Amino acid sequence: MAVRAAVLPAVGAPLEITGIELPDPGPGRVRVRLAAAGVCHSDLSLSDGTMRVPVPAVLGHEGAGTVLAAGEGVTHVAPGDGVVLNWAPSCGSCHACSLGEVWLCANALVGAGDIHARRVSDGADLHPGLNVAAFAEETVVAAGCVLPAPDGVPLTDAALLGCAVLTGYGAVHHSARVREGETVAVFGVGGVGLAALQAARIAGASRIVAVDVSPAKEELARAAGATDYVVASENTAREIRGLTGKQGVDVAVECVGRAVTIRTAWESTRRGGRTTVVGIGGKDQQVTFNALELFHWGRTLSGCVYGNSDPARDVPVLADHIRAGRLDLSVLVTDRISLADIPAAFDNMRAGKGGRALVTF
């Protein structure tokens, strides 16, 4: 039986909402009916070529749903179970995995080159964008791409755990390692930025500054935990230093991926401060520093992949925060949409509007 999906026919081409035929789940595979899927900026980066993906492809990498069928050898989930999709399953045997850095697994995306489904209209082979192809009513994924959904968290909320929340929370807790009483600035108030703001609040940050180009996002940022809001300009670093006794924040978390924003985030931290870059930028986004300022300021600049998170370890922790009321996923979702609305959600992301759009099935 055919299901509907959002297909990227070619890099730079508009998404097509069309019918696809999925195979039965073979050994080590699981078929999932989606409850919800988040529309992430990484999907936009895949569609415009900033990140590479085999095409044509079914995009979508943040989602949750219910297991319909499990192939031979799958023992950790069964039909009827709620699951969270994990777009970056670790192999457990590469060098990064041997070091415990599963978020850097060398083999996490090998499945993205597989044949995932066929397009009904012409029989064309389709690849799974970032392994899980969540922009579809149903998907078939490797067993490592599903985690049991936490008890007490609706599947429509649990979908956000697969990328935005793991990334934003992990950037604050695992990469930047924010300590109680420190000051934090978060650049970019999208889905990941909103999760980072909440994570900074959970960590006990004394001052949390949200930065975005849109004045309209201030209320959203404050609801997520921001104590201050700065509309991005050429004076952003100066404004942040003014809010922190002319010192700068202890930690800056950059969720945009633009050279100017990365540089501004770095300049907004105090001497000896820490800047974590979460945003994914293109190769043309060149950030420059001179040797003297690197020495003088003594700041740390680090990249952050998937929040430096281990989904199997961190999803239960996040679920505890949700059940205790410390983490409010509803703050992240600014639009609940249908599959057909994903192209419009892409346009909103390009324009810097809203937080997370959530496709509900």
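The structure displayed is predicted, hence computed values, not measured ones.

**Digging into the overall build of the protein chain**
Here comes step 1: Within the protein chain, the secondary structure is distributed over 11 helices and 18 strands.
Here comes step 2: In terms of C-alpha radius of gyration, the protein chain reaches 20 Å, essentially the compact-globule figure of 21 Å for 361 residues.
Here comes step 3: Overall, the C-alpha framework of the protein chain stretches about 60 × 40 × 40 Å when taken along its three principal axes.
Here comes step 4: With 361 residues in all, the protein chain has 54% of them scored as buried.
Here comes step 5: Restricting the contact set of the protein chain to residue pairs at least 6 apart, pairs at least 24 apart contribute 70%.
Here comes step 6: If you sum the accessible surface of the protein chain, you get close to 14800 Å²; carbon and sulfur atoms cover 51% of it.
Here comes step 7: Distance between charge centres in the protein chain, computed from 30 positive and 36 negative side chains, equals 7 Å.

**Re the UniProt feature "domain: Enoyl reductase (ER)" (unreviewed entry) in the protein chain**
Here comes step 1: According to UniProt, the feature "domain: Enoyl reductase (ER)" (unreviewed entry) maps to residues 12–359 in the numbering used here.
Here comes step 2: As annotated, residues 12–359 comprises 27% helix and 26% strand, and the C-alpha atoms at either end are separated by 22 Å.

**What about the environment of Ser-98?**
Here comes step 1: You can see Ser-98 is positioned in helix H2 (residues 95–98).
Here comes step 2: A distance of 2.5 Å separates a polar atom in the side chain of Ser-98 from the backbone oxygen of His-95.

**Some details on the pairing of strand S18 (residues 356–360)**
Here comes step 1: For S18, a buried count of 4 out of 5 residues is recorded, marking the element as mostly surrounded by other parts of the structure.
Here comes step 2: The pairing of strand S17 (residues 333–337) with S18 spans 4 bridges and is classified as parallel. Bridging from a neighbouring strand, Arg-336 pairs with Leu-358 of S18.
Here comes step 3: A crossover links S17 with its parallel partner S18, the connecting element being helix H11 (residues 342–350), and its sense is right-handed.

**Remarks on the packing of helix H4 (residues 164–175) against helix H5 (residues 191–203)**
For any two helices packed against each other, one specifies the inter-axial angle together with the distance between the axes.
Here comes step 1: Across the interface, H4 lies against H5 with an axial gap of 7 Å and an inter-helix angle of 45 degrees. Considering their axes alone, H4 and H5 lie oblique with respect to each other. The handedness of the crossing between H4 and H5 is right-handed. Note on element contacts: H5 touches H4 through Gly-191, Val-192, Ala-195, Ala-196, Ala-199, Ala-200, Ile-202 and Ala-203, opposite Ala-164, Val-165, Thr-167, Gly-168, Tyr-169, Val-172 and His-173.
Here comes step 2: For the contact of H4 with H5, the per-class residue count stands at 11 nonpolar, 4 polar and no charged.

**Re the domain arrangement of the protein chain**
Here comes step 1: Each domain of the protein chain was delimited in the assignment, giving domain 1 (2–162 + 328–360) and domain 2 (166–305).
Here comes step 2: The interface of domain 1 with domain 2 comprises 17 residues on the first partner and 18 residues on the second.
Here comes step 3: Between domain 1 and domain 2 lies a buried interface of about 1200 Å² when both sides are counted; carbon and sulfur atoms form 61% of it.
Here comes step 4: Linking domain 1 to domain 2 there are 0 salt bridges.
Here comes step 5: In this assembly, domain 1 and domain 2 are joined by 2 residue pairs in polar contact (both at pLDDT 80 or more).
Here comes step 6: Per-class residue counts for the side of domain 1 that touches domain 2 are 6 nonpolar, 7 polar and 4 charged.

What counts, and where the lines are drawn
Residues numbered from 1 in each chain as written. Predicted model: local features only at pLDDT ≥ 70, side-chain atom pairs only at ≥ 80, totals over all residues. Heavy atoms only, no water. Helix = DSSP H or I, 4+ residues; strand = E, 2+ residues; numbered from the N terminus. Rg over C-alpha atoms; globule rule 2.2 N^0.38 Å. Buried < 20%, exposed > 50% of the residue type's maximum accessible area, 1.4 Å probe, protein only. Contact = heavy atoms within 4.5 Å. Areas by Shrake-Rupley, 256 points an atom, 1.4 Å probe, with all protein chains shown as cover. Lys, Arg positive; Asp, Glu negative; His and termini not counted. Charge placed at Lys NZ, Arg CZ, Asp CG, Glu CD. UniProt positions renumbered as here; feature names shortened; annotations may be inferred. Polar contact = N/O pair within 3.5 Å; in protein donor to acceptor, adjacent residues only side chain to side chain. Pairing = 2+ DSSP bridges. Right-handed = clockwise from strand over helix to strand, strands pointing away. Axes fitted to C-alpha atoms, helices over the stretch in contact; angles between N-to-C directions. Parallel < 35°, antiparallel > 145°, perpendicular 65-115°, else oblique. Left-handed = near helix turned anticlockwise from the far one by under 90°. Nonpolar A, V, L, I, M, F, W, Y, C, P; charged D, E, K, R; others polar. Domains from an automatic or database assignment. Buried area = accessible area lost by both parts, 1.4 Å probe. Salt bridge = Lys/Arg side-chain N within 4 Å of Asp/Glu carboxyl O.

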